[in-house]
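Results of the structural survey
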Amino acid sequence: MLIKNFLLFILILSAPLLTAQKVGLVLSGGGALGLAHIGVLKALEENNIPIDYITGTSAGAMVGSMYAIGWSPQIMDSLIMTDKFQLMSSGGIEPKFSQYYRKPVDDPSWINIKMTKDFSLTKIIPTNFTNPVLLDFESMTNYSPINAIVAYDFDSLFVPFRCVAADVTSKSPVVFSSGHLNQAVRASMTYPGYLKPIKINGRLMFDGGLYNNFPTDVMYDEFYPDIIIGVNFTDTTTPPDEEDLFSQIKTMIIDRNPSSIVCDNGILIEPEEPISIFGFSEGDKAIDAGYNATMALMDSIKILIKERVTPEELNLKRKQFYSNYQPVIFDDIVISGVNENVSKYIKKSLINKNEEIDVETLKKRYFRLIADEKLKFIYPLAQYNPETGHYTLLLDIYPEKPFSLKFGGVFSSNPINTGFIGLKYSRLGRVGFQATGESYFGKYNGSARAATKQDFNFKTPF
């Protein structure tokens, strides 16, 4: 009898746990239309629908990660409408960080071919057409304090989170559950030709949509929720255009396996809006499409999901999550990808010995450095040091190809036409060096110019 009563007591205590529903949200990739995920989140929060886990790919990883670090849909909506977001999505930088003194001398060239020392033709074509410098820097500064709060564990985020990238070497998806959140999301959204791929643990990563554009399997495997809300764009984005290379690539690479679009024990939301793959300027339309598609199914969602979370409960949870937030202060720098002399050149540009700098100070110096045409790409991370409470700046450096061959000129219907050809050699060491030779040639006159330039990257560069 005593054992029976004890078991009954345990059953009563565990009843709330047995009946509690856990809700997983799966967000697919979809380019600019993926901003519709913000509208979905807005509709769910307005109707007090809880979200216990999130998995996402590409645009779904981007939006899902913002919610996972505690940003509200309203904050995300406001961000999408800013000029800074449009600059990030188009590869621009804020005008106040433009470095005009490092701007290359104008010339009449039409074609600029950059080559390696072995003049390899296979490396002439650029790997990306959008400069990710602002996107990568802002992601680092926004996510790094959160990385420190959760000790680089995605299960400890405001909402436990997973995202998917593609390892093209092994031809397999990679699921991120820990590490630098900004790095994992960047890998997941590295659309071929749009953003430069990055390496993680020595492996080159691309957009997760290559192998798993709608990661319901990741949700089941990692969290096994009671209910899944899936938001999918795989078959709702615009068809390929014969004049649009990126739309053709999108059609070829996105995983369209019907068996992957499974949402057992849940509900599938498929927002529709004719937005191009990189039409981020139409973010408001995408958000409205996500909101409307979710509201159209809200009665079904409420029948399926009995649990509710009030705005007051969410606000309290967000406040508690950010209670340990500390600003990012850098006191050290570690550089990879270049030799010792180039490392010294870069370190002098960013952090002086025994110096502690905040994000705004670093940003001014960082964009001054990246404006150097001898540098092709920098990928930044901030590693938290719990002993000091400060961060080490980790930079993966990609120097620009040393040779640049230019062709162009001024041509018109008049007989006074002038051709142009130029060759430039650049290299980095403890100082930057550049040698240029140019020639103008035409029917009536011609000229030649040779020049050298050295950059001394002291605290005040000259």
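Residues numbered from 1 in each chain as written. Predicted model: local features only at pLDDT ≥ 70, side-chain atom pairs only at ≥ 80, totals over all residues. Heavy atoms only, no water.

So, on to the nonpolar core. The biggest cluster of nonpolar side chains holds 103 residues, and the ones touching the most others in it are Phe-161, Phe-176, Ile-229, Phe-330, Ile-346, Leu-350 and Leu-395. Leaving out residues up to four positions away in the same chain, Leu-350 has contacts with Ile-333, Glu-355, Ile-357, Leu-362, Arg-365, Tyr-366, Leu-369, Leu-393 and Leu-395. Counting residues in hydrophobic clusters, the runner-up holds six residues, among them Tyr-53, Phe-214, Met-219 and Ile-228. (Core = buried A, V, L, I, M, F, W, Y, C linked by side-chain atoms within 4.5 Å. Buried < 20%, exposed > 50% of the residue type's maximum accessible area, 1.4 Å probe, protein only. Contact = heavy atoms within 4.5 Å.)

Here we take up the side chain of Thr-436. Secondary-structure assignment places Thr-436 in strand E16 (residues 432-442). The residues contacting Thr-436, other than those within four sequence positions of it, are Leu-423, Lys-424, Arg-449, Ala-450 and Ala-451. (Helix = DSSP H or I, 4+ residues; strand = E, 2+ residues; numbered from the N terminus.)

Here the focus is the pairing of strand E10 (residues 329-336). Judged from the two bridges that link them, E10 and strand E11 (residues 357-358) form a sheet pairing that is antiparallel. Of the residues in E11, the one forming a bridge with Ile-329 is Asp-358. (Pairing = 2+ DSSP bridges.)

In spatial order, the strands read E11-E10-E13-E12; together these four strands make up an open sheet with mixed pairing. Strands with a single pairing partner mark the edges of an open sheet, and in this sheet they are E11 and strand E12 (375-385). Relative to strand E13 (residues 390-399), E12 runs antiparallel, the two being bridged by ten bridges. Residue Phe-377 lies in a different strand from E13, and its bridge partner there is Tyr-398.

Of the residues in the protein chain, 86% have a pLDDT of 70 or more, and the chain-wide mean is 86. Note on residues 4-18: pLDDT is under 50 here. Beyond four places in sequence and across chains, it has one contact. (pLDDT = per-residue confidence, 0-100.)

Turning to the pattern of salt bridges, a few remarks are in order. Applying the stated rule across the entire model yields 19 salt bridges. Glu-94 is paired through a salt bridge with Lys-363; the nearest N and O atoms lie 2.7 Å apart. Residue Glu-94 is found in the loop between helix H5 (83-90) and strand E3 (109-115), and its partner Lys-363 is found in helix H14 (residues 359-370); the two are separated by 269 residues along the sequence. For Arg-365, the salt bridge is made with Glu-355, and the minimal N-O distance between the two is 3.0 Å. Of this pair, Arg-365 sits in helix H14 while Glu-355 sits in the loop between helix H13 (340-350) and E11, and the two are ten residues apart along the sequence. Across the pair, exposure class does not vary: Arg-365 and Glu-355 are buried alike. Salt bridges sharing partners connect three or more residues here, namely Lys-84, Glu-94, Glu-138 and Lys-363. (Salt bridge = Lys/Arg side-chain N within 4 Å of Asp/Glu carboxyl O.)

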